[in-house]
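# Inside the fold
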Amino acid sequence: MGTELHELLRSLRVWDVELPSFDPADAPADPLALFTTWFAEAVAAGQVEPHTMSLATCDAEGRPDVRTVMLHGADTSGWSFATHSGSRKGRQLAARPHAALGFYWPAQGRQVRLRGQVKAAPSAESQADLHARSTGALAAALTGRQSETLSSLEELAQESRTAWERAQQEPDAPVPSWTLYHLRPDEVEFFQGDAARRHVRLVYRRTEDEGWVRELLWP
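Just so you know, the residues in each chain are numbered from 1, in the order the chain's sequence is written. Given that the model is predicted, a residue must reach a pLDDT of at least 70 before its local features are reported, and side-chain atom pairs must reach 80 or more before they are shown or counted; all residues, however, enter totals for whole chains, interfaces and linings. Excluding hydrogens and water, the side-chain figures rest on all heavy atoms present in the structure.

### Section: the pairing of strand S7 (residues 178-192)
This is how the line gets drawn: Each residue's exposure class comes from its accessible area (1.4 Å probe, protein chains only) as a fraction of the maximum for that residue type: buried when under 20%, exposed when over 50%, partly exposed otherwise. Secondary structure elements follow DSSP: runs of H or I of four or more residues count as helices, runs of E of two or more count as strands, with numbering from the N terminus. Strand pairing is defined by DSSP finding a minimum of two bridges between the two strands.
Buried residues dominate S7, accounting for 13 of its 15 residues. The sheet contact formed by strand S6 (residues 110-120) and S7 spans eleven bridges and is antiparallel. Residue pairing in the sheet places Leu114 in a bridge with Val188 of S7. Bridging between S7 and strand S8 (residues 200-206) involves six bridges; their strand directions are antiparallel.

### Notes on the packing of aromatic side chains
In plain terms, the rule: Only the six-membered ring of Trp is used, alongside the rings of Phe and Tyr, when aromatic pairs are assigned; centres must lie within 6.5 Å, and planes under 30 degrees apart are stacked while those over 60 apart are edge-to-face, with the rest tilted. By definition here, charges over rings are those cases where NZ of Lys or CZ of Arg is within 6 Å of the ring centre and within 35 degrees of the ring normal.
In this structure the tally under the stated criterion is twelve aromatic pairs. Pairing Phe190 with Tyr204 gives two aromatic rings, centres 5.7 Å apart and planes at 70°, and the pair type is edge-to-face. Remark: Tyr204 occurs in strand S8 and Phe190 occurs in strand S7; sequence separation between them is 14 residues. Take Phe190 and Tyr204: they sit in the same class, and that class is buried. Judged by centre distance (6.4 Å) and plane angle (85°), the ring pair of Tyr204 and Trp212 falls under edge-to-face. An aromatic cluster of at least three residues, connected via ring pairs, comprises Phe22, Trp38, Phe190, Tyr204 and Trp212. A cation over an aromatic ring shows up here: Arg110 above the ring of Trp38, its NZ or CZ 4.1 Å from the ring centre.

Geometry only, nothing functional implied.
Have a look at this one:
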């Protein structure tokens, strides 16, 4: 089985598309502006689910964890995502309020990496974020008990049906544990892949006066 996997991996190719060029000399002074441009270009290029990202956290013992979540927004408050405060990632952020985010857009051979401090938004902002989303998102939040042990799929189906009914009947139903988090980056890296492996890496680092310095990194 190991040989079969190895052969399959060797058969795959990366970026079998025409990649865009990226001149870091033309990059804006603020990483949010460049992220906004790259995100729009990923959408225009047909990238599937460009708003999904990897979220890396650590538990109280320093052991890392990672999962895929959805971007809820990006502005001067930071890059935002949401979860239940009692979920595994919620508990980890309570113990160690720092995290890293990673976007990968293979349609253009691009990555964006961020890391920084994470703060929970006020309850009113968190609830407003939830109620601005779809009925399915509210139903999932109402199902709750995220990361707890599940006895059976039948139990999940029953809880989900109940949650959907409530979400449809009560679109403003509160979910006290639902929390919006803002990651305020200290560092943002933009990676542009190159077929000749001359990848361009531009990193922004926040300074003490809240400005940004930019540096190129070896690929």
